[in-house]
Amino acid sequence: MSLSLSKIRTLQTSAQLQEALDLIDGEAGRKLQPTAERDLLRAILAAFLGKAKEGELAEAVAVTGSSPAWQSDRGLALMLLGRMDDAKAALSALVESGEADAITYGRLATLCTSIGEVDAGERLYQEAISREPERAEWLSNMGGAKVRLGKYEEALEFYERAIALKTEFIQAQQGRERVLFALSRTKELVASIEAEIETEPENVGLVVKLARVQDHMGELQDAIASLKKAQEMAPENANVFIDTGMIFSRNGMMVRALAAFKKSVTCDPDNLQALGLVASTQAEVGSPEEGLKSIDRAIATHPKAKQLRVVRGRILSDLGRYGEAEEDLRKALEAYPGDAAIMVALGSVLGWVGRLDEAIELYRNAAKVNPAALSHALQHNWQPDDPAEIELLERMADNKLLGEEQRIVLNFALAEYHERQKQYATAFSRADTANKLSWVNTRFDNQRTTKQTDRMIEIFDEEFFAAREGWGHPSNRPIFVCGMPRSGTTLTEQILSTHQDVFGGGELPYVSMLFRDLTRPYKDKNIGPLQALQALKEGQVWNMGSSYLSQISELDDEHRFVVDKMPHNFQRIGMINLMLPNAKIIHLKRDPRDVAVSNYFQNFKARHGGLGYAFDLASIGAHLNDHERLMRHWHKVLPGQIFELDYQKLTSDFETTVRELLEFVGLEWSDKLAEFHKTKRAVRTASVSQVRQPLYQRSVEKWRRYAEWLGPLNDVLDAGVVGPAVPES
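Because the structure is a prediction, the values reported are computed rather than measured.

## Points about the overall build of the protein
When helices and strands are counted, the protein shows 39 helices and 5 strands. Against the compact-globule benchmark of 27 Å for 729 residues, the protein has a radius of gyration of 28 Å, which places it among compact chains. Judged by the C-alpha coordinates and their principal axes, the protein covers about 90 × 60 × 50 Å. Sorting the 729 residues of the protein into buried and exposed places 54% on the buried side. Contacts in the protein between residues at least 24 apart in sequence constitute 65% of all its contacts with a sequence separation of at least 6.

Okay, here's the thing in structure tokens:
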């Protein structure tokens, strides 16, 4: 019996999980007498594969066993349940007893490494290797620990030793690739892959590997060519299309990414990764309803797949259905109580609805499994008690082999933390690193935006509006709050939505959707939205206004006014005034350099969309110049129809400024407005923490703290319509 369980355990530690589960559930496994040791091992395998019954793992852990193997498995099970302190105590006790085998040392090493105790992990992996020197898994894991410690040359040696023992070991191969990237030995890597392809021309995995390397080197067209070759070689291989979609996604080509992910599902309808990617990408390209349908279909056939539950929670949040998202994620967390991804997703939902303390607690619990989760807590103004927690995040942020997206998130979070500590040089350095990592794969064309601005100024002149006077729907229900991102639009919406007659709709996509749909009637691809807009008849314009009103009525049909605070609606003010001439338009005015710095410190989600400029100082400057030119034009052709709300005045003379704003909208003053930060509503923007606090002025002239590093920004602003900064008084 012990030999059979030993064989099963060996398969498990070699990541042959399904084979191990099949063995324990098969004819030979059924002959084994049920014991605490057998039941626990089976529960672990089922949990890894997402096939565990509800509560199965927790129940198996509660049954007492006695053998060293059971004690080791119990430690692993506790890790899976998220009880990291208990797991560490159990595995450490076994090590101290002298009865630990290589597997136990390896598990304790993995635990220590995952919670940031990498020096201990390195030492423990060495103990595992000394007991099983021919075990590729220990060598590869040691390579990972060396990477975390910045010992890249040593890591490379361990990865290569692992590959020599197990040539198809994907984890070790990918680790070796990342190390060669970190050591700037990419040509060597390409040469070795090409040599392998010559030896094994039918190996599609090698072609996909070459595509990944080419993409990371910035050779996107070569990567696409390699992917096309891989698809021709293996047209039914789901993983080939997943890799294709991931590369398209990384480069902002989301429509092509979605097509690739859908193809991967066609190849393998039960591929959980592909199913989740289809739904999440549908949501990202602006179709969250379709994404929800896709994920619901996937969950119907795979009800125990926790990663699908996380995707569903995020999509529900995108749809503003926060209560359902919370309920879904809490159920998932009950089934998988130690899952860091679920805790982070639930923390995000709670943060958006203002339950910041609960969100931070979830992030801190998730950090026991994945320390990077602390970056989310930092963004909610959390201050760690232990400096070692920040030191760990700093090491992770500097680790060149950590995933690019993780490094971006960590560096932005650390920038925010150091700014709160008034360590401005370090804060800017972190923000600069995050932006440079982001900018490499950002697709944004400043010249295109400038030409679009020129075209809008040309089309929307006085004659345009005079010829269409009286057009549009007469409703005054919408309030449009717009301006540059980070100019105070969220704060303004929060203040307005505190009034009993106003509903805060958030950043609504409806104006952009109407603008985009203007070209639908035309087969000629050369006709753009602005040209189509010029050709509209009076009835069509009225219908556009009516369509917008119907969409906001689905959000709320009780309040007198609904706020749409999509910042970049400042680019659509001409169209808004045309279709809804009585709608109130509020534009936020803030020091452009303060806006620039706030943008540069923010990890915007729409990196490949309209916010791509925010990751480069010169591009921010160009966008600010275009913004200023366009706003001057709107005030010229629509005099008195746009309320210019000064952010600095709002923070320094709140009541006077808000009374003026309310008069423009047509509302009476309410003392409740002074306590806007107590209003309970979901906020999905970067200002989620700020609007939960009373008004403050510390962001006024924030840019002066960073003046010495803003050369690229100032060069563009000084030469444009924004002009030089006003000298400090």
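We are not done yet, so read on.
## Concerning the side chain of Asp73
Tracing the backbone shows Asp73 in helix H6 (residues 68-80). Since its relative accessible area comes to 0%, Asp73 is described here as buried. A polar atom in the side chain of Asp73 sits 2.7 Å from the side chain of Arg107. Contacts of Asp73, omitting those with residues within four sequence positions, involve Arg9, Leu40, Leu41, Ile44 and Arg107.

## So, the environment of Asp671
Looking at the secondary structure, you find Asp671 in the loop between helix H38 (654-665) and helix H39 (711-719). For the pair formed by Asp671 and Thr498, sequence separation is 173 residues and the distance between their alpha carbons is 10.0 Å. Of note is the side chain of Asp671, whose polar atom sits 2.9 Å from the side chain of Trp669.

## As for the pairing of strand E3 (residues 561-564)
Regular strands place their side chains on alternate faces of the sheet. Alternating residues of E3 divide into Phe561 and Val563 and Val562 and Asp564, and every residue in both groups is buried. The pairing of strand E1 (residues 478-482) with E3 spans 3 bridges and is classified as parallel. Within E3, the position partnered with Ile479 by the bridge is Val563. Relative to E3, strand E2 (residues 502-504) runs parallel, the two being bridged by 3 bridges. Among the inter-strand pairings, Gly504 is bridged to a residue of E3, identified as Val563.

## Digging into the environment of Phe515
Residue placement: Phe515 occurs in helix H31 (residues 510-516). Given the relative accessible area of 12%, Phe515 is considered buried. Sequence-wise, Phe515 and Ala90 are 425 residues apart; in three dimensions their C-alpha atoms are separated by 61 Å. Excluding residues within four positions of it along the chain, Phe515 makes contact with Pro529, Leu530, Arg572 and Met575.

## A look at the pattern of salt bridges
The full count for this structure, using the stated rule, is 49 salt bridges. In this structure, Arg312 engages Asp296 in a salt bridge whose closest nitrogen and oxygen atoms are separated by 2.5 Å. With a gap of 16 residues between them, Arg312 in helix H20 (residues 306-318) and Asp296 in helix H19 (residues 288-301) connect regions that are remote in the sequence. On the basis of relative accessibility, which here comes to 31%, the residue Asp296 falls in the partly exposed class. Here Arg420 ties to Glu416 by a salt bridge, and the two come within 3.6 Å at their closest N and O atoms. Here Glu416 and Arg420 lie together in helix H26 (residues 404-420), a separation of 4 residues that amounts to about one turn. Accessibility expressed as a relative area gives 23% for Glu416, which makes it partly exposed.

## What to know about the side chain of His623
By the element assignment, His623 lies in helix H36 (residues 617-637). On the basis of relative accessibility, which here comes to 3%, the residue His623 falls in the buried class. Ignoring sequence-local partners within four residues, the contact set of His623 consists of Phe444, Thr449, Met484, His568, Phe570, Gln571 and Tyr613.

## Considering the nonpolar core
If you look at the biggest cluster of nonpolar residues, it comprises 68 residues, and the most contacted ones within it are Leu40, Leu57, Met79, Val147 and Val179. Those residues in contact with Met79, other than ones at most four positions away along the chain, are Met84, Ala87, Leu91, Arg107, Thr110 and Leu111. Listed in part, the 67 residues of the second largest apolar core include Leu508, Ala532, Tyr548 and Leu549.

## A short note on the packing of helix H16 (residues 238-250) against helix H17 (residues 254-267)
Where H16 contacts H17, the axes come no closer than 8 Å and their chain directions differ by 165°. When the interaxial angle is binned, H16 and H17 end up roughly antiparallel. Relative to H17, the crossing made by H16 is left-handed. The segment H16 lies against H17, with Ala238, Phe241, Ile242, Thr244, Gly245, Met246, Phe248 and Ser249 engaging Met254, Arg256, Ala257, Ala260, Phe261, Lys263, Ser264 and Cys267. When its residues are assigned to classes, the contact of H16 with H17 shows 10 nonpolar, 4 polar and 2 charged.

## Examining unusual backbone geometry
Even without glycine at this site, Ser184 takes up a positive phi of about 60°. Looking at the secondary structure, you find Ser184 in the loop between helix H12 (170-182) and helix H13 (186-199). Given a relative accessible area of 63%, Ser184 falls into the exposed group.

## Quick notes on the packing of aromatic side chains
Tallied over the entire structure, the rule returns 15 aromatic pairs. Between Tyr510 and Tyr548, the aromatic rings sit 6.2 Å apart at their centres with planes inclined by 75°, giving edge-to-face as the arrangement. Taken as a pair, Tyr510 in helix H31 and Tyr548 in helix H33 (residues 538-555) lie far apart in primary sequence, 38 residues in all. By way of ring pairs, the aromatic residues Tyr424, Phe428, Tyr600, Phe601, Tyr706 and Trp709 are connected into one cluster. Over the ring of Phe464 we find Arg468, and its NZ or CZ is 3.9 Å from the ring centre. The ring of Phe515 carries Arg572 above its face, with NZ or CZ at 3.7 Å from the centroid.

Criteria and cut-off values
Residues numbered from 1 in each chain as written. Predicted model: local features only at pLDDT ≥ 70, side-chain atom pairs only at ≥ 80, totals over all residues. Heavy atoms only, no water. Helix = DSSP H or I, 4+ residues; strand = E, 2+ residues; numbered from the N terminus. Rg over C-alpha atoms; globule rule 2.2 N^0.38 Å. Buried < 20%, exposed > 50% of the residue type's maximum accessible area, 1.4 Å probe, protein only. Contact = heavy atoms within 4.5 Å. Polar contact = N/O pair within 3.5 Å; in protein donor to acceptor, adjacent residues only side chain to side chain. Pairing = 2+ DSSP bridges. Salt bridge = Lys/Arg side-chain N within 4 Å of Asp/Glu carboxyl O. Core = buried A, V, L, I, M, F, W, Y, C linked by side-chain atoms within 4.5 Å. Axes fitted to C-alpha atoms, helices over the stretch in contact; angles between N-to-C directions. Parallel < 35°, antiparallel > 145°, perpendicular 65-115°, else oblique. Left-handed = near helix turned anticlockwise from the far one by under 90°. Nonpolar A, V, L, I, M, F, W, Y, C, P; charged D, E, K, R; others polar. Phe/Tyr/Trp six-rings, centres within 6.5 Å; stacked < 30°, edge-to-face > 60°. Lys NZ or Arg CZ within 6 Å of the ring centre and 35° of its normal.

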